[in-house]
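# Architecture and fold: a report
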Amino acid sequence: LYVDHPLGQGQSVPLDRDQAHYLFGVMRQQLGAQVALFNGRDGEWRAEVVEAGKRGGTLECREQTRPLQMPPDLWLIFAPIKKARTDFIVEKAAEMGAARIIPVQTDFTNSERIRQDRLQAHAVEAAEQCGGTFVPEVTDLQKLDRLLADWPEDRKLMFCDEAEVGAGKVLGEAGPGPWAILIGPEGGFSEAERKRLHALPFTHVVSLGPRILRADTAAVAALTVWQQALGD
Ligand code: SAM
């Protein structure tokens, strides 16, 4: 169970109404039950139910069962598309071990607004589902220009676009380190964006094959190739 609360030896963890409903109503847990907790920061803890009510409850941490497992230092940057497909991208990126998920506004971005809180909740659910102890941060919508202007010097950019060379080969040659994957919107990147991206010293332009993939497919394909080439 995910909780947004510090976890540690003897730590009391309050449950809100939704968590209490899930744990005591849906999962039928009672006083004394042992529950696995994580908060994305302190690893996984075994906790005991010490108070159980309809509107809330309390758990007490007993022992750490797993330390925090950090994913590789990989960002996924993507232009949001339709709601359900954007949700899909966030969910899959969290499952595939992206450390940070950054929705960006590009020249041809289809959606000008996102619900960051909803997307973050999807990342939490995905981490819960795949037994992770880490939850990637989903940032607010950022402008691609701004992001590139503030780019951290040592981070390499896997720019998924029309390219001669396949992603696996490019990544193998560029080697490990902090990376970011960039996926465009349905309309792709504008010529101005392409020109700028090509000129940046940290860009590695890659192909994901001869077919034009939908943005959500491209995100999963890019994460898979990256994990295969440079992941743990
Ligand atoms: N007509 C668009 C264009 O001209 O680029 C197609 C965009 S595609 C639906 C959405 C995004 O997925 C692209 O901007 C790119 O980042 C990524 N993508 C899709 N297929 C790809 C491929 N075969 N190689 C590399 N990137 C791809």
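The protein chain carries the name Ribosomal RNA small subunit methyltransferase E in an unreviewed UniProt entry, which gives Thalassovita mangrovi as its organism. UniProt annotates the protein chain under Sequence similarities (unreviewed entry) with the comment "Belongs to the RNA methyltransferase RsmE family." Recorded under Function (unreviewed entry), the UniProt text for the protein chain is reproduced unchanged: "Specifically methylates the N3 position of the uracil ring of uridine 1498 (m3U1498) in 16S rRNA. Acts on the fully assembled 30S ribosomal subunit."

What follows concerns the pairing of strand 2 (residues 34-38). Note that strand 2 and strand 3 (residues 44-52) share 5 bridges and pair antiparallel. What sits directly across from Val35, in strand 3, is Ala47.

What follows is about the domain arrangement of the protein chain. Domain boundaries assigned for the protein chain yield domain 1 (12-66) and domain 2 (74-230). In this complex, domain 1 contributes 5 residues to the contact, which on the side of domain 2 involves 4 residues. Tallied by class, residues from the side of domain 1 that touches domain 2 come to 1 nonpolar, 2 polar and 2 charged.

Let us look at helix 2 (residues 83-95). End to end, helix 2 covers 18 Å across 13 residues, agreeing with the expected 18 Å (1.5 Å per residue, within 8%). Buried residues of helix 2: Thr86, Ile89, Val90, Ala93 and Ala94, and no others. What you see down the axis of helix 2 is that its buried residues fit within an arc of 125°, all on one side. Once helix 2 ends, the next one or two residues include Gly97, with phi positive near 90°.

Time to look at the environment of Ile114. Residue position: Ile114 is located in the loop between strand 6 (100-105) and helix 3 (116-129). Taking the C-alpha atoms as reference points, Ile114 and Arg55, separated by 59 residues in sequence, lie 31 Å from one another. Ile114 has contacts with Pro80, Thr86, Pro103, Leu119 and Leu141, leaving out every residue within four places of it along the chain.

Let's shift gears to the site of the ligand. Every one of the 17 residues lining the ligand counts as a neighbour, but Cys160, Gly184, Gly188, Leu208 and Ala218 are closest to it. Here the shell around the ligand is built from residues that sort into 8 nonpolar, 5 polar and 4 charged.

How each quantity is defined
- Residues numbered from 1 in each chain as written.
- Predicted model: local features only at pLDDT ≥ 70, side-chain atom pairs only at ≥ 80, totals over all residues.
- UniProt positions renumbered as here; feature names shortened; annotations may be inferred.
- Pairing = 2+ DSSP bridges.
- Helix = DSSP H or I, 4+ residues; strand = E, 2+ residues; numbered from the N terminus.
- Domains from an automatic or database assignment.
- Contact = placed C-beta atoms within 7 Å.
- Nonpolar A, V, L, I, M, F, W, Y, C, P; charged D, E, K, R; others polar.
- Expected span 1.5 Å × (residues − 1).
- Buried ≥ 20, exposed ≤ 12 C-beta atoms within 10 Å, placed from the backbone.
- Arc of directions from axis to C-beta.
- Near = placed C-beta within 6 Å.

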